[in-house]
Amino acid sequence: MHSPNINSIDLNLLRVFDAVFREGNILRAAQRLGMSQPAASHALARLRHALDDDLFVRSAQGMLPTSRAEQLAEPIRQALSYLELGLQSGPFEPATSKQKFKLAVDNCSAIALTSKIVLAVGAVAPGISLNLRPSGTADIDRMIDASELDLFIGRPGEDRERFASEDLSSDDFVIVHRSELRKAQTPMTAEELIGKPHLHLSSAGDDTGFLDRWLGERQMHRDVKHSVPLLGCTDVLSEQDIYVPMRRPIAEAICKGSRLAISELPFISPRIATCMRWHRRLDSQPAHIWLRDAIRSAVASRSERPIRSQ
């Protein structure tokens, strides 16, 4: 296999390669690039000749990359991303920008921060579009690497040198219940905590075992009656005498304007960090710097309760 000279490679061929690798289909790749399918096929043929490799082979699952294409995919994607960022460099004017940002948010951030982020951006940058999607089971690191995401907001991930991460908040746990169940001016007692069945939030991703450990030290036990998704808990809460332990930002969001109330735990709970995570290649990109500032302001606007002392 020969090593081609970089001068023999047309940049447009690399864009076609990247699109076919992402889409697994020449027609969809051509549509992604705004070109005809024959033009995309011709470009791919030229790149195959230049690199002396098939790059993609047809299969029932679409165009599958060869091992050579697998090796090339990430370097080509990063090179195209850096070139795009270089072309975008210069002053960023949010008031006139038409930029689109792609973000993923976890369940807590989706409920507690989505509205605040959209309002914060819209107030000063009406032309900017935000595409916020739930993180769910998505491979966030892969999507950030592939420039499919500009930013992730949620729980911290594994430290990786190529990613930057910044904590936005650190949140404790509270109990949410129907407002008729108790007056919420004082923290719950241990006896109150076990006086009603509990609901577990299956999609929040939070470990509430700290409650069981604290109660176990006092020879007490809570009854975890049901496990439901976060999006379905409000109806259950409003109709049943039941307690739900959850992070404070979620509680504040779902209790606002409802018949639900927040009660403090009888002890200091663990705190869960919410961070934003992005690729370091975006560190000094003006538009991304502005986006991070806007998100910081949105998070800071959320009313924070003082941290309770021991």
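As a starting point, this report considers the structure included with it. Since the model is a prediction, treat every value here as computed from it, not as a measurement.

What to know about the pattern of salt bridges
One pass over the structure, following the stated rule, counts 22 salt bridges. Residue Asp241 is joined to Arg178 by a salt bridge in which the shortest nitrogen-to-oxygen separation is 2.3 Å. Here Asp241, found in the loop between helix 9 (233-239) and strand 10 (244-247), pairs with Arg178, found in strand 7 (residues 173-178); they are 63 residues apart in sequence, far enough to count as distant. Judged by its relative accessible area of 16%, Arg178 falls in the buried class. Glu217 is the partner of Arg218 in a salt bridge, and the nearest nitrogen-oxygen pair spans 3.4 Å. On the accessibility criterion, Arg218 (37% relative accessible area) is partly exposed.

Focus: the pairing of strand 8 (residues 198-201)
Here four bridges tie strand 8 to strand 9 (residues 224-228), and the two strands are oriented parallel to one another. For His200, the partnering residue across the bridge sits in strand 9 and is Ser227. In this fold, strand 8 hands off to helix 8 (residues 209-216), which returns the chain to strand 9; that crossover is right-handed.

As for the sheet that holds strand 5 (residues 151-154)
Strand order in this open sheet of five strands is 4-3-5-12-6, and the pairing throughout is mixed. The two strands at the open ends of the sheet, each matched to only one other strand, are strand 4 (129-134) and strand 6 (163-171). Across this sheet, the average inter-strand angle for adjacent strands is 20°, counted without regard to direction. Examined bridge by bridge, strand 3 (residues 100-105) and strand 4 share six bridges and lie parallel to one another.

Let's talk about the packing of aromatic side chains
One pair of aromatic rings is described through two measures. These are the centre distance and the angle between the planes. If you walk through the whole model with that rule in mind, you get seven aromatic pairs. Residues Phe210 and Phe267 carry aromatic rings whose centres are separated by 6.1 Å and whose planes lie at 70° to one another, so their mutual orientation is edge-to-face. Here the residue Phe210 occupies a position in helix 8, and Phe267 occupies one in the loop between strand 11 (260-263) and strand 12 (272-279), the gap between them amounting to 57 residues. Like Phe267, Phe210 is buried. Put simply, the rings of Phe173, Phe210, Trp214 and Phe267 pair up and form one aromatic cluster.

Brief notes about helix 3 (residues 37-51)
When the terminal C-alpha atoms of helix 3 are compared, their 21 Å separation across 15 residues agrees well with the 21 Å that a helix rising 1.5 Å per residue should span. For helix 3, the full list of buried residues reads Ala40, Ala43, Leu44, Leu47, Ala50 and Leu51. The buried residues of helix 3 all sit within an arc of 120° when viewed along its axis, so they share a single face. Turned more than 90 degrees away from the buried face of helix 3 sit Pro38, His42 and His49, all of them exposed. At the N-terminal end of helix 3, a side-chain oxygen is found 3.2 Å from the backbone nitrogen of Ala39, two or three residues along, and the residue is Ser36.

Let's talk about the side chain of Asp145
Inspection of the secondary structure assignment puts Asp145 in helix 6 (residues 140-145). By relative accessible area, Asp145 is classed as buried at 10%. Those residues within four positions of Asp145 in sequence are excluded, and the remaining contacts are Glu74, Arg77, Arg162, Phe163, His279 and Arg281.

Description of the environment of Ser297
If you trace the backbone, Ser297 turns up in helix 11 (residues 286-300). C-alpha of Ser297 to C-alpha of Val121: the two residues are 176 residues apart in sequence and 9.8 Å apart in space.

Re helix 11
Taking 1.5 Å of rise per residue, the 15 residues of helix 11 would be expected to cover 21 Å, and the 21 Å separating its terminal C-alpha atoms lies within 8% of that figure. Of all the positions in helix 11, only Ala287, His288, Trp290, Leu291, Arg292, Ala294, Ile295, Ala298 and Val299 are classed as buried. Contacts made by the buried residues of helix 11 are with strand 3, helix 5 (107-124), strand 4, strand 5, strand 6 and strand 12.

Topic: the sheet that holds strand 7
Read from one edge of the open sheet, three strands run 10-7-11, paired in antiparallel fashion. If you trace the sheet from one side to the other, it starts and ends with strand 10 and strand 11, each paired once. Ignoring which end each strand starts from, the neighbouring axes of this sheet average 40° apart. Pairing between strand 7 and strand 10: four bridges, direction antiparallel. The partner of Phe173 across the bridge, within strand 10, is Arg247. Those strands touched by helix 10 (residues 248-255) are strand 7, strand 10 and strand 11, and its axis lies near 110° from that of strand 10.

Comments concerning the environment of Pro245
Within the secondary structure, Pro245 is located in strand 10. For Pro245 and His198, which are 47 residues apart along the polypeptide, the C-alpha to C-alpha distance reads 7.7 Å.

Notes on unusual backbone geometry
At Ser147, a position not held by glycine, the phi torsion is positive, near 60°. Within the fold, Ser147 resides in the loop between helix 6 and strand 5. If you check the backbone angles, Gln219 has positive phi at about 55° while not being a glycine. Note that Gln219 resides in the loop between helix 8 and strand 9. Since its relative accessible area comes to 71%, Gln219 is described here as exposed.

What counts and what doesn't
- Residues numbered from 1 in each chain as written.
- Predicted model: local features only at pLDDT ≥ 70, side-chain atom pairs only at ≥ 80, totals over all residues.
- Heavy atoms only, no water.
- Salt bridge = Lys/Arg side-chain N within 4 Å of Asp/Glu carboxyl O.
- Helix = DSSP H or I, 4+ residues; strand = E, 2+ residues; numbered from the N terminus.
- Buried < 20%, exposed > 50% of the residue type's maximum accessible area, 1.4 Å probe, protein only.
- Pairing = 2+ DSSP bridges.
- Right-handed = clockwise from strand over helix to strand, strands pointing away.
- Axes fitted to C-alpha atoms, helices over the stretch in contact; angles between N-to-C directions.
- Phe/Tyr/Trp six-rings, centres within 6.5 Å; stacked < 30°, edge-to-face > 60°.
- Expected span 1.5 Å × (residues − 1).
- Arc of directions from axis to C-beta.
- Polar contact = N/O pair within 3.5 Å; in protein donor to acceptor, adjacent residues only side chain to side chain.
- Contact = heavy atoms within 4.5 Å.

Keep in mind these numbers describe shape, not what the thing actually does.
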